[in-house]
Amino acid sequence: MTALLGLALLTAAFSSPTLAFVPIGGGVSTHVSISGTALLQKVTEACQAVAAANGHEFKPTGSSPEELVQACLGPSATGEVSGAKFHTALQEIYTQNGLVDRDFINSAPHHFNSEAFHEGRSLITEGLVAIKANIRKENFKAARENLGRVLHTLQDFYSHSNWVELGYTEPYANLIRPDLPLENLADIDTATCIDCQSGSCVNPILPNILLEKKLTSGYMGIFSPAKPAGKCSHGGAADLTSTRIPKSVLHKDEPGKDSAFFHNTAVNVATAASLQLLEDIRLAAGDNDFLRMMGIARSSVVCFVIDTTGSMADDINEAREVVYEIIDSKKGTQDEPSEYILVPFNDPAFGPMIRTTDADKMKTEISKLKANGGGDLPEMCLSGLQLALTGSPSSSHIYVFTDATAKDIALKDTIVALIRSTKSTVSFFMTGGTKRRRRSVGKASFNDYKDLALASGGQAIQVSKKQLPQATDVILDTSTSALVTILQRARTPGKTETFPFVLDDSLKNVTLYITGSSITFTLTNPSGVTQKQNQASGALGTIRSVGNLWRISLNSNKEAGEWQINIVTSAPYTIKVTGQSTITFIYDFVEKFDGPHPGFAVLSGRPQAGSPATLKLSVMGRKGSSSLTIGEVGLVLVSRPENVTKGVMGDMGNGDILVTVDEVPQGEFVVLLKGVDQVSNSKFQRQSTTQMSVSKVNIQTTVDSSMEPGKNFEVPFSVMTQGSGGSYTIDIRNDRRFAMTYPTKLQLKPGQYANGTLTISPPQDTLSGTDVTVTIEAKSSSGADSNYAVLRLSVMTKITDFIGPRCDVVSVQAADCPADMTQCGPFHWQLSANLTDGNGTGIESLYLHQGTGDFTHSGLSAAVVEAQYNASCCSQVVELIATDQIGNVGKCYHSIARSGGPPSLTLSLPLWLCLLVSALALRL
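This text gives an overview of the structure that appears in the document. Every value quoted in this text rests on a predicted model; they were computed, and no experiment measured them.

What counts and what doesn't
- Residues numbered from 1 in each chain as written.
- Predicted model: local features only at pLDDT ≥ 70, side-chain atom pairs only at ≥ 80, totals over all residues.
- Heavy atoms only, no water.
- Helix = DSSP H or I, 4+ residues; strand = E, 2+ residues; numbered from the N terminus.
- Rg over C-alpha atoms; globule rule 2.2 N^0.38 Å.
- Buried < 20%, exposed > 50% of the residue type's maximum accessible area, 1.4 Å probe, protein only.
- Contact = heavy atoms within 4.5 Å.
- Areas by Shrake-Rupley, 256 points an atom, 1.4 Å probe, with all protein chains shown as cover.
- Lys, Arg positive; Asp, Glu negative; His and termini not counted.
- Charge placed at Lys NZ, Arg CZ, Asp CG, Glu CD.
- Pairing = 2+ DSSP bridges.
- Axes fitted to C-alpha atoms, helices over the stretch in contact; angles between N-to-C directions.
- Disulfide = S-S within 2.5 Å.
- Polar contact = N/O pair within 3.5 Å; in protein donor to acceptor, adjacent residues only side chain to side chain.
- Phe/Tyr/Trp six-rings, centres within 6.5 Å; stacked < 30°, edge-to-face > 60°.
- Parallel < 35°, antiparallel > 145°, perpendicular 65-115°, else oblique.
- Left-handed = near helix turned anticlockwise from the far one by under 90°.
- Nonpolar A, V, L, I, M, F, W, Y, C, P; charged D, E, K, R; others polar.
- Core = buried A, V, L, I, M, F, W, Y, C linked by side-chain atoms within 4.5 Å.
- Salt bridge = Lys/Arg side-chain N within 4 Å of Asp/Glu carboxyl O.
- Arc of directions from axis to C-beta.

## Here's the deal with the overall build of the chain
Across its full length, the chain carries 18 helices and 39 strands. Computed over the C-alpha atoms, the radius of gyration of the chain is 29 Å, within 12% of the 29 Å expected from 2.2 N^0.38 for a compact globule of 924 residues. In terms of overall dimensions, the chain has a C-alpha envelope of 85 × 75 × 60 Å along the principal axes. Residues classed as buried in the chain amount to 57% of the 924 residues present. Taking the intrachain contacts of the chain between residues at least 6 apart in sequence as the baseline, contacts between residues at least 24 apart amount to 72%. Summing over all exposed atoms, the chain offers an accessible surface of approximately 35,600 Å²; the carbon and sulfur share of this is 51%. Within the chain, one finds 77 positive and 88 negative side-chain charges whose respective centroids are separated by 7 Å.

If you want it as structure tokens, here you go:
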């Protein structure tokens, strides 16, 4: 598949509507569509490169995300592939892009308004450095959030400045190159615009500004109409400067009657500029890490949080055996984990977190765990779990092994906030006896673990140490790709109840889990065939029990349709039904914001009580969203009899749905989705796993820059309640144990925000690219109501090196290559080059980006790195990529088919980018 064909397919599948997270204005082309076009083009190219390196062709069978991810990960790997994490990555970028219009509405640099060119360029270049550092530290979520903000500012340059009015149709490369000057800027006293109040004004720029190629941008005044004499206005209803002469509108946010041509040109150039920035990131990161940042990886991430105190020897051995079985049994399939994470804990220590994509390294690391110390005291379980939740990708499955209660039970509310924020699932394997003694450190018990498991949609499995090997099948079940939840409920106290659930033809490996004691149940399929808990092997499946866990694995020939399970007990219990399927959905609770560019922002905390709740869903089917018909979206309480609060759906196109629920249920609820799979014409049912509830408390906070090691960093926040006023407790925690100061109490009046400031101090030796997750919780004095906000901050060392490595070609020996390329087979050519980083940070990586020959080089620590390339004359192009320790990129390109001067470091746009811009111009 060619790059442009891939772009056409992917753009058709993913282009988002104007309603999604705000435009460049409100026209046909938006920030989302511009970013999506560029991101999907880069993903296509990276997938093609990875496929070629692995010896297979990148050939998606269709345009759906599942088919794209399947083709990218390789056609030979068996198993189901979900596009959910890819969709999630895209949405995170789009969300942060849109939030620039809400959080920095009056910031000229963020939008290149009011001729703030140097400040706007600084936001781009500093953000670009942060993205590369985040990727090197594998903090991909932080990288995506930074990327969304940077893309917004970069794209606004082309809409808000006069770049395209000056006749330029290529990106301004200096915006991402701080080593190059911003040239020919109009000064504050230079008039730039004509007065357009009397009629049509196709190009409002003064003739002398056009002749001299002076850069300017429109002035924006939300609170004041003042602007310097003779300057352009941004324009729009919110811009008060538009009332001042010269009355001229410079923005190209939408295709107005006078600006249609310039709007389309600005869209094309903004898209090309976004591609240019993404190419720089891709080259610095490498294709594999670029794709990991974009959520293109086998979807399973295995994360273990393990108690290593003296009584845990048996548990550690079992965890080790499970890891080995996962690695050995799933190798080469889509179920093979894309990443392994290990967090040990005891008392008083916890961590460090070990992350690796190398299965053999994970085997080595878990083999090092030894049980020692600790005794019979509670341990630092929740501190270890906090590290896992902040260090793992969103929607991870985390498995906790412990035989003790939590000494750090004060973290419980923070853990719930992180579970809700990350939508990760936590399962506990508890092997402690109920008679264990503990110090008086609070009211911690094993019930706390059960609460956290239920909140996340996980399991709380209580067994003896001898029984543990029989319980860990749950890990093998859930450490798998394309895992979906069909049903999850909890009852306290228990009672006789029948739970209906729908199974569709796409589902594989369907498994039911029941946790509780003194339970009897009957499972019934759509044809009325039944199987009871005492039938280990029956007509419907295989039933096993261990400790407080029942595990029912349905036969592979299970019947599609409505099933039922009747449970009889008076004791508390949970039930969960899962399977593997590419039919799934992702969702966020969102709130609308107004301003010059209104849109929707993702809620950081819980939805507001007493108000309608709005959700944005993205649905995915076996052949994309078009292969599904959505019948119902609603909220359902987990712990009460079935009562779905249905939402009103609005189709946003391309599988995106905006759902409004007028009355949110009181209590813990999940999202329920029902519809029809058009591939098989069968009904399907899916639900979210993470529980949510409403709150009358609201927390607002915004972060606009990175922290520096050794310097205090201030984060302002505001808290408001629609409930009873009074004293509210403020509790703030971070996962790096950085020193913090903040007000521990705020006095709230109903409907009014009270302000506070968090000061956080990263140590001087904090590595650049480190991310820090901060949770801010506000709780009423009675403890009856609370809410939270979760922030992800980056620590960045001040950068002074913005120049990439230099490549000097020493020699090219290609004289033997024949002019007739049909005769090229027996002949070879060679290239020698020297690479240096001058006074920079030193070359960190050097790799072959184009070419199929043999590539070698001397040690990267040398002042001059010598590179040698030897290839068949049939392979005529070579491109070397060198990155320094900051992430600056240098390219060395040579073609023996090209005549001219000696090859050198090249910064020109590649041919495919020129073709892409042309294709977009035709499309728009």
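So much for the structure itself; the text now carries on.
## What to know about the sheet that holds strand 34 (residues 828–836)
Strand pairing in a sheet is mediated by backbone hydrogen bonds. Such pairs are either parallel or antiparallel. An order of 33-34-37-36 is seen for the 4 strands of this open sheet, with the pairing classed as antiparallel. Each having just a single partner strand, strand 33 (806–813) and strand 36 (854–857) make up the two edges of the open sheet. Averaged over all pairs of adjacent strands, the angle between their axes in this sheet comes to 20°, without regard to strand direction. In the sheet, strand 34 pairs with strand 37 (residues 865–872) via 8 bridges, with the strands oriented antiparallel. Paired with Ala 833 across the bridge in strand 37 is Ala 867.

## Focus: unusual backbone geometry
Here Ile 245 and Pro 246 are connected by a cis peptide whose omega angle stands at 0°. You can see Pro 246 is positioned in the loop between helix 8 (207–212) and helix 9 (260–285). Looking along the chain, the bond that leaves Asp 347 and enters Pro 348 is cis, with omega of 10°. Among the structural elements, Pro 348 can be located in the loop between strand 2 (339–345) and strand 3 (354–356). Even without being glycine, Ala 482 reaches a positive phi, approximately 55°. You will see that Asn 509, though not glycine, has its phi angle at about 50°, which is positive. Checked against the element boundaries, Asn 509 lands in strand 9 (residues 508–516). Asn 509 sits in the exposed class, given a relative accessible area of 54%.

## Here we look at the state of the cysteines
Within this structure, the stated rule accounts for 5 disulfides. Note that Cys 817 is cross-linked by a disulfide to Cys 873, the S-S spacing being 1.9 Å. Because the torsion about its S-S bond is -75°, the bridge between Cys 817 and Cys 873 counts as left-handed. On the criterion of sequence distance, the pair formed by Cys 817 in the loop between strand 33 and strand 34 and Cys 873 in the loop between strand 37 and strand 38 (877–884) is long-range, its members being 56 residues apart. On the accessibility criterion, Cys 817 (18% relative accessible area) is buried. Here Cys 303 is not cross-linked by a disulfide; its sulfur's nearest cysteine counterpart is in Cys 381, at 12 Å.

## Some thoughts on the environment of Ser 794
Position of Ser 794 relative to the elements: it lies in strand 32 (residues 786–794). Residues Ser 794 and Thr 770, 24 residues apart in the sequence, show an inter-C-alpha distance of 5.8 Å. Among residues more than four places away in sequence, those in contact with Ser 794 are Asn 134, Ala 142, Asn 146, Ser 706, Met 707, Thr 770 and Asp 771. Polar contacts involving the side chain of Ser 794 include one to the side chain of Asn 134, which spans 3.3 Å.

## A look at the packing of aromatic side chains
How two aromatic rings sit relative to each other is given by the distance of their centres and the angle of their planes. Using the criterion set out here, one finds 20 aromatic pairs in the structure. Taking the centre distance of 5.0 Å and the plane angle of 15° together, the rings of Phe 401 and Phe 429 count as stacked. Placement of Phe 401 in strand 4 (residues 397–402) and of Phe 429 in strand 5 (residues 425–430) is noted, with a sequence separation of 28 residues between them. With relative accessibility at 0%, the residue Phe 401 sits in the buried group. Each ring, one from Tyr 587 and one from Phe 589, has its centre 6.1 Å from the other, and the planes form 85°; the classification is edge-to-face.

## Details of the packing of helix 14 (residues 412–422) against helix 15 (residues 446–456)
Between helix 14 and helix 15, the shortest axis-to-axis distance is 10 Å and the interhelical angle comes to 15°. Accordingly, the angle class assigned to the pair helix 14 and helix 15 is roughly parallel. As for the relative orientation of helix 14 and helix 15, their crossing is right-handed in sense. Two secondary-structure elements touch here, helix 14 through Lys 412, Ile 415, Val 416 and Ile 419 and helix 15 through Asp 448, Asp 451, Leu 452, Ala 455 and Ser 456. Here the residues of the contact of helix 14 with helix 15 are counted per class, giving 5 nonpolar, 1 polar and 3 charged.

## A closer look at the nonpolar core
Within the largest apolar cluster, 59 residues are counted, with the highest numbers of intra-cluster contacts made by Leu 382, Leu 385, Ile 398, Phe 428, Leu 615 and Leu 617. With 6 residues, helix 13 (residues 381–391) is the single largest residue contributor to this core. Residues within four places of Leu 615 in sequence aside, it is in contact with Tyr 587, Asp 588, Phe 589, Val 590, Leu 635, Ile 657, Leu 658, Val 659, Val 661 and Val 671. Ile 34, Val 81, Ile 93 and Phe 112 belong to the second-largest nonpolar core, a separate cluster that totals 57 residues.

## Looking at the pattern of salt bridges
The final tally for this structure, using the stated rule, is 41 salt bridges. The shortest N-O distance in the salt bridge between Glu 591 and Arg 102 comes to 3.6 Å. Here the residue Glu 591 occupies a position in strand 16 (residues 584–593), and Arg 102 occupies one in helix 4 (residues 84–103), the gap between them amounting to 489 residues. We classify Glu 591 as partly exposed; its relative accessible area is 27%. In this structure Arg 102 comes out as partly exposed when scored by relative accessible area, which is 24%. As a salt-bridge pair, Glu 339 and Arg 355 come within 2.8 Å of each other at their nearest N and O atoms. In this pair, Glu 339 is assigned in strand 2 and Arg 355 in strand 3, connecting sequence segments 16 residues apart. Just as Glu 339 is buried, Arg 355 falls in that class too.

## Focus: helix 12 (residues 359–367)
Considered for burial, the residues of helix 12 that qualify are Ala 359, Met 362, Glu 365 and Ile 366. The buried residues of helix 12 all sit within an arc of 120° when viewed along its axis, so they share a single face. Two or three places before Asp 360, at the start of helix 12, stands the capping residue Asp 358, its side-chain oxygen 2.9 Å from that residue's backbone nitrogen.

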